[in-house]
2 protein chains.
Amino acid sequence: MTQKHKVVVIGSGNWGSTIGKILAENTREHSDIFEEDVSMWVFEEDVDVPDDRTLREQLGDKPVKLTHAMNTTHQNVKYLPGIKLPDNLVANPNLQDTVRGATILVFNLPHQFMSKTLEQIKGNHLPYARAISGVDISGGTVKLYSELIMEKLGIYCGSLSGANIASEVAAENLCETTIGYDGPPMDYKQPDGSSRDNLIKVDKQRQSKSNPSQLALHPVPQTYPHVDSALLEKLFGRPYFIVQVVRDVSGVALGGALKNIVALAAGFVAGKGWGENTKAAVIRIGILEMVRFGCLWFPQSVDERTFTKESAGIADVIASTSAGRNFHSACHAVEQGVTVDEIEKKELGGQKLQGTSTTRAVFEFLKKQGQLEKFPLFVFVYDILEERTTMDALPDLLIKGSKVTA
Amino acid sequence: MTQKHKVVVIGSGNWGSTIGKILAENTREHSDIFEEDVSMWVFEEDVDVPDDRTLREQLGDKPVKLTHAMNTTHQNVKYLPGIKLPDNLVANPNLQDTVRGATILVFNLPHQFMSKTLEQIKGNHLPYARAISGVDISGGTVKLYSELIMEKLGIYCGSLSGANIASEVAAENLCETTIGYDGPPMDYKQPDGSSRDNLIKVDKQRQSKSNPSQLALHPVPQTYPHVDSALLEKLFGRPYFIVQVVRDVSGVALGGALKNIVALAAGFVAGKGWGENTKAAVIRIGILEMVRFGCLWFPQSVDERTFTKESAGIADVIASTSAGRNFHSACHAVEQGVTVDEIEKKELGGQKLQGTSTTRAVFEFLKKQGQLEKFPLFVFVYDILEERTTMDALPDLLIKGSKVTA
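Note that this is a predicted model, so its numbers are computed, not measured. (Residues numbered from 1 in each chain as written. Chains lettered and ligands numbered in written order. Predicted model: local features only at pLDDT ≥ 70, side-chain atom pairs only at ≥ 80, totals over all residues. Heavy atoms only, no water.)

## Here we look at the overall build of chain A
Next up, step 1: In terms of regular secondary structure, chain A is built from 17 helices and 16 strands.
Next up, step 2: Looking at the 406 residues of chain A, the share that counts as buried comes to 60%.
Next up, step 3: For chain A, the share of sequence-separated contacts (at least 6 apart) that also reach a separation of at least 24 residues comes to 71%.
Next up, step 4: In the form shown here, chain A has an accessible surface area of approximately 15700 Å², with 48% of it arising from carbon and sulfur atoms. (Helix = DSSP H or I, 4+ residues; strand = E, 2+ residues; numbered from the N terminus. Buried < 20%, exposed > 50% of the residue type's maximum accessible area, 1.4 Å probe, protein only. Contact = heavy atoms within 4.5 Å. Areas by Shrake-Rupley, 256 points an atom, 1.4 Å probe, with all protein chains shown as cover.)

Below you can see the structure in the form of structure tokens.
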């Protein structure tokens, strides 16, 4: 193993910057297997310099390019202010340049940028690269990021998700995360000794016939260290960020996306002031629907324990139903008697919550599948968002949700 | 079926009074199968009359007997003030008189009264009565209430537990609960047509050789409606109190007891101000240890889904790690830099938390079994209670807890 892995980060929001910090800390610590510098693709923009003496001494007080600010001050002054980033985390405004030669790509993009970014990467990346992606369900299509990346770039992609509120991870408060990774062996030898492409099933049991059922993956040269769970723990694990690697890529991705629907539901209950028992009941039924959705969508590959026992499931649900934007926005909407859409406009400057787009995508999917009646809570959240029902319907819904067993 | 079930409640604290309210509402609603009056055994004491005009008009302003106050005002003025109780819930200071002729006994006693109360009931109850008990682990012996009742009274006993903070249930805020009941058929006919006692395994795989492995149960006369899950739903379910009946009696009881250890752990984290991610990680590991403890203790009868999917498991853990006395006391202890024992003295007037006695009982049990290393979180909580460690040990513990898989 003579070659080192080159690790890059695509996306530089608050979570992208946080995970970039972790990666750069680890590539420095394990510089025997990783190149020390971690490039981070930054969507270039002009940013105001915060009113901070040290920053203004370094940057002046006129707006500057975000990459310049990051590479000068080693802070993401716009999206993760106040957190010192390692100086081997290097901001790069050029996407193609960032991914070139990288063997491990770590994605953290909001869904509106996903497709376009993948188009721009295509052809500029190593054909045998491996990816790990943050999670979301892209609006309308109900497609996991990991699937999208595999299909568009032809490279294997795992998922990372967990009870990981970014600001707390950035402050190095202790937490856990889950990585779903079930990648093919690095280099597969035919019985005759020749190498060939690894074949991997991308989506074992998806309903849509248009999806490819297999993807030919390029083998990674054996000169690189194996990308396996031990290597992923070295790359992502920190004393304050405990990593569990599981094989259930879809479960990890789904957990991270669906928990936002449950967070909205819990926020509605909190907004009504109905107390901890009711909130706990809604969360419990939410977890059952997450399990049910996973089994419906990926019957062959999803492991229900990802939802009930891993950080990407239960722990993330717990954290997201106590804090976070989805929970608080839903709570404020009910308290103020307005829609969540109005709260997005009023309190989030028009930024969209993950929970609202996920709820709508999941509803459309379930409707097409004729499965709405098995997901009373998900449907209830949709109905509240669309003003098709009121909170008064919750008791009936809970009785219904409590009785669905299939 | 010509005879009606006579339902009684043993214990009249805030939860006993709350469940008594529910039972009396239901016996009135289903007076075809239950006698309408529900007797509640009340440990008699003199109570001050609250400073409330209506109450003082009825009771005067001198101390009165608690049973007199309850039967006059239909309020438990001491333990559940402000909640109107149905007038067919009748307080009775005489234990033997309360249980006489009852076919369904509902227990809600703190553990220090349990053994003595059972001694006093013995011989005064119907031999074919059935019981449902609230949950706790009696100190030192690590024995479930349901077991204790079965052994001492020779009657079948199920468990009831869930995300049921008493004040919220009493206020009729929506919630769920879980009843564990796997009782024998009401009357078992031999092939020759004769009746015989039902045999039931009390504790299928308990370690202690001194425990009886089978208990002869008296058949309930066929003149009574069957005590089955449908009947239990009628007796315990309300529009605001949704009941799930499962067969896993031990899991329901254990969930209700062990969640208090997790609540202490979550309180310690909150007291340190470590945020939602850390708290969620601790809760996740706590649930895994609950599952592990159940499988160790009742390998044949516990169903891990009780912990991961039922109200008596996950939902109760969620509610108890957000609110409740164990959580808050642990939080205050860490904030103030004192022991939980000191908080009990200072803030609870010397009342003991369920969590502290459960933690100690579980620790002693695990130590005897040589299983401490599989329960790093439970041991950590014990060590904090006993001042054998500090919160600084949490990161290491979490890494350890995260890696235990067996």
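## Quick look at the packing of aromatic side chains
Residues and elements named next belong to chain A.
Next up, step 1: If you walk through the whole model with that rule in mind, you get 26 aromatic pairs over all chains.
Next up, step 2: Ring plane angle 20° and centroid distance 5.8 Å describe the contact between Phe375 and Phe378, whose orientation is recorded as stacked. There is no split in this pair, since Phe375 and Phe378 are both buried.
Next up, step 3: One aromatic cluster is present, formed by Phe293, Trp297, Phe298, Phe365, Phe375 and Phe378 through successive ring pairs. (Phe/Tyr/Trp six-rings, centres within 6.5 Å; stacked < 30°, edge-to-face > 60°.)

## Some thoughts on the relation of the copies chain B and chain A
Next up, step 1: Superposing chain B onto chain A requires a rotation of 180° together with a translation of 0.0 Å along the rotation axis, leaving an RMSD of 0.0 Å. Taken together, these values place the two copies in the relation of a two-fold axis. Ranked by how close their C-alpha atoms come to the rotation axis, the residues of chain B are headed by Thr308 of chain B, at 2.9 Å.
Next up, step 2: When the interface residues of chain B are mapped onto chain A, 100% of them again fall at the interface, so both copies present the same face. (Least-squares fit on C-alpha atoms with pLDDT ≥ 70 in both.)

## Side note on the UniProt feature "binding site: NAD(+)" (unreviewed entry) in chain A
Residues and elements named next belong to chain A.
Next up, step 1: UniProt's entry tags Gly11, Ser12, Gly13, Asn14, Trp15, Gly16, Phe43, Phe113, Ala166, Arg325, Lys352 and Gln354 with the feature "binding site: NAD(+)" (unreviewed entry), counted in the numbering of this structure. Taking the annotated residues in turn, Trp15 line the second largest cavity.
Next up, step 2: Here Gly11 lies in the loop between β1 (7-10) and α1 (14-29).
Next up, step 3: The class of Gly11 is buried, set by a relative accessible area of 4%. (UniProt positions renumbered as here; feature names shortened; annotations may be inferred. 1 Å grid on protein atoms, 1.4 Å probe; cavity = no way out; pocket = protein on both sides within 12 Å on 5 of 7 lines; lining within 4 Å.)

## A few points about the UniProt feature "active site" (unreviewed entry) in chain A
Residues and elements named next belong to chain A.
Next up, step 1: When the UniProt feature table is mapped onto this chain numbering, "active site" (unreviewed entry) sits at Lys259.
Next up, step 2: Relative to the assigned elements, Lys259 resides in helix α9 (residues 249-272).
Next up, step 3: Note on Lys259: relative accessible area 11%, which makes it buried.
Next up, step 4: In this structure Lys259 touches Leu254, Met290, Asp316, Val317 and Ser320, once residues within four positions along its chain are discounted.

## A word on the sheet that holds strand β7 (residues 130-133) of chain B
All names here are of chain B.
Next up, step 1: Spatially, the eight strands line up as an open sheet ordered β5-β2-β1-β6-β7-β10-β11-β16, and their pairing is mixed. Unpaired on one side and paired on the other, β5 (89-92) and β16 (241-246) mark the two borders of the sheet. With direction set aside, neighbouring strand axes in the sheet form an average angle of 25°.
Next up, step 2: Relative to β7, strand β6 (residues 104-107) is paired through four bridges, and the arrangement is parallel. (Pairing = 2+ DSSP bridges. Axes fitted to C-alpha atoms, helices over the stretch in contact; angles between N-to-C directions.)

## Some remarks on empty space enclosed by the protein
Next up, step 1: Considering all chains together, one arrives at two cavities of 30 Å³ or more under this definition.
Next up, step 2: For the largest cavity, the calculated volume is near 50 Å³.
Next up, step 3: In terms of lining, the largest cavity is formed by Lys279, Ile283, Ile318, Thr321 and Ser322 of chain A together with Lys279, Ile283, Ile318, Thr321 and Ser322 of chain B.
Next up, step 4: At the level of secondary structure, the elements contributing two or more residues to the lining of the largest cavity comprise α10 (275-297) of chain A together with α10 (275-297) of chain B.
Next up, step 5: Here the lining of the largest cavity is composed, by residue class, of four nonpolar, four polar and two charged.
Next up, step 6: Its volume calculated, the second largest cavity comes out at about 30 Å³.
Next up, step 7: Around the second largest cavity, the lining residues are Trp15, Ile19, Val106, Phe107, Asn108, Ile132, Ser133, Gly134, Leu160 and Phe236 of chain A. (Points joined across faces, edges and corners; volume = space filled by probe spheres on them. Nonpolar A, V, L, I, M, F, W, Y, C, P; charged D, E, K, R; others polar.)

## Considering the sheet that holds strand β6 (residues 104-107) of chain A
Strands pair in a sheet through their backbones, by hydrogen bonds, and they do so in one of two ways: parallel or antiparallel.
Residue and element names in this part refer to chain A.
Next up, step 1: Pairing in this open sheet of eight strands is mixed, and the strands run β5-β2-β1-β6-β7-β10-β11-β16 from one edge to the other. Lying at the two open borders of the sheet, with one neighbouring strand each, are β5 (89-92) and β16 (241-246). Neighbour-to-neighbour, the strand axes of the sheet open up by a mean angle of 25°, direction not taken into account.
Next up, step 2: In the sheet, β1 pairs with β6 via four bridges, with the strands oriented parallel. Residue pairing in the sheet places Val8 in a bridge with Leu105 of β6.
Next up, step 3: Those strands touched by helix α6 (residues 145-153) are β6, β7 (130-133) and β10 (156-161), and its axis lies near 160° from that of β10.

## Examining α1 of chain A
Next up, step 1: Taking 1.5 Å per residue as the helical rise, α1 of chain A with its 16 residues ought to reach 22 Å, and the 23 Å between its terminal C-alpha atoms agrees with that figure.
Next up, step 2: Within α1 of chain A, 13 of the 16 residues are buried, which leaves it mostly tucked inside the rest of the structure. (Expected span 1.5 Å × (residues − 1).)

## Some remarks on the nonpolar core
Next up, step 1: Within the largest apolar cluster, 109 residues are counted, with the highest numbers of intra-cluster contacts made by Phe293 and Phe378 of chain A together with Phe293 and Phe378 of chain B.
Next up, step 2: If you tally residues by element for this core, the top one is α10 of chain A, at 11 residues. (Core = buried A, V, L, I, M, F, W, Y, C linked by side-chain atoms within 4.5 Å.)

## What to know about the pairing of β1 of chain A
Residue and element names in this part refer to chain A.
Next up, step 1: Both faces of β1 are covered, namely the face carrying Val7 and Val9 and the face carrying Val8 and Ile10.
Next up, step 2: In this structure, β1 lies alongside strand β2 (residues 38-41), joined through three bridges in parallel fashion. Its bridge partner lying in β2, Ile10 is registered against Trp41.
Next up, step 3: The parallel pair β1 and β2, bridged by α1, forms a crossover whose chirality is right-handed. (Right-handed = clockwise from strand over helix to strand, strands pointing away.)

## Re the confidence of the model for chain A
Next up, step 1: Looking at chain A, pLDDT values average 89 and 90% of them are 70 or higher.
Next up, step 2: Note that pLDDT drops below 50 for residues 202-212 of chain A; the model gives that stretch 27 contacts with residues more than four away or on any other chain. (pLDDT = per-residue confidence, 0-100.)

## Some details on the pattern of salt bridges
Next up, step 1: By the definition in use, this model includes 42 salt bridges over all chains.
Next up, step 2: Notably, a salt bridge pairs Lys309 of chain A with Glu304 of chain B, separated by 3.1 Å at the nearest N-O pair. Remark: Glu304 of chain B occurs in helix α11 (residues 304-309) and Lys309 of chain A occurs in helix α11 (residues 304-309); the pair is interchain, linking two chains.
Next up, step 3: Judged by relative accessible area, which is 15%, Lys309 of chain A ranks as buried.
Next up, step 4: The closest approach of N and O atoms between Arg238 of chain B and Glu29 of chain B, which form a salt bridge, is 3.0 Å. Of the two residues, Arg238 of chain B sits in the loop between α8 (229-236) and β16 while Glu29 of chain B sits in helix α1 (residues 14-29), which places them 209 residues apart along the sequence.
Next up, step 5: Its relative accessible area of 16% is what places Arg238 of chain B among the buried residues.
Next up, step 6: Where salt bridges share partners, they join Lys21, Glu25, Glu29, Glu172 and Arg238 of chain A into one cluster. (Salt bridge = Lys/Arg side-chain N within 4 Å of Asp/Glu carboxyl O.)

## Quick word on the interface of chain B and chain A
Next up, step 1: Taken together, the 44 residues of chain B in the interface contact 44 residues of chain A.
Next up, step 2: Interface area, chain B with chain A, both sides summed: about 3600 Å², of which 57% is carbon and sulfur.
Next up, step 3: Joining chain B to chain A, the criterion identifies six salt bridges.
Next up, step 4: Notably, a salt bridge pairs Glu310 of chain A with Arg284 of chain B, separated by 3.8 Å at the nearest N-O pair.
Next up, step 5: Linking chain B to chain A there are 20 residue pairs in polar contact (both at pLDDT 80 or more).
Next up, step 6: Here the side of chain B that touches chain A takes 12 residues from α10 of chain B, the largest share from any one element.
Next up, step 7: Broken down by class, the residue content of the side of chain B that touches chain A amounts to 25 nonpolar, 10 polar and nine charged. (Buried area = accessible area lost by both parts, 1.4 Å probe. Polar contact = N/O pair within 3.5 Å; in protein donor to acceptor, adjacent residues only side chain to side chain.)

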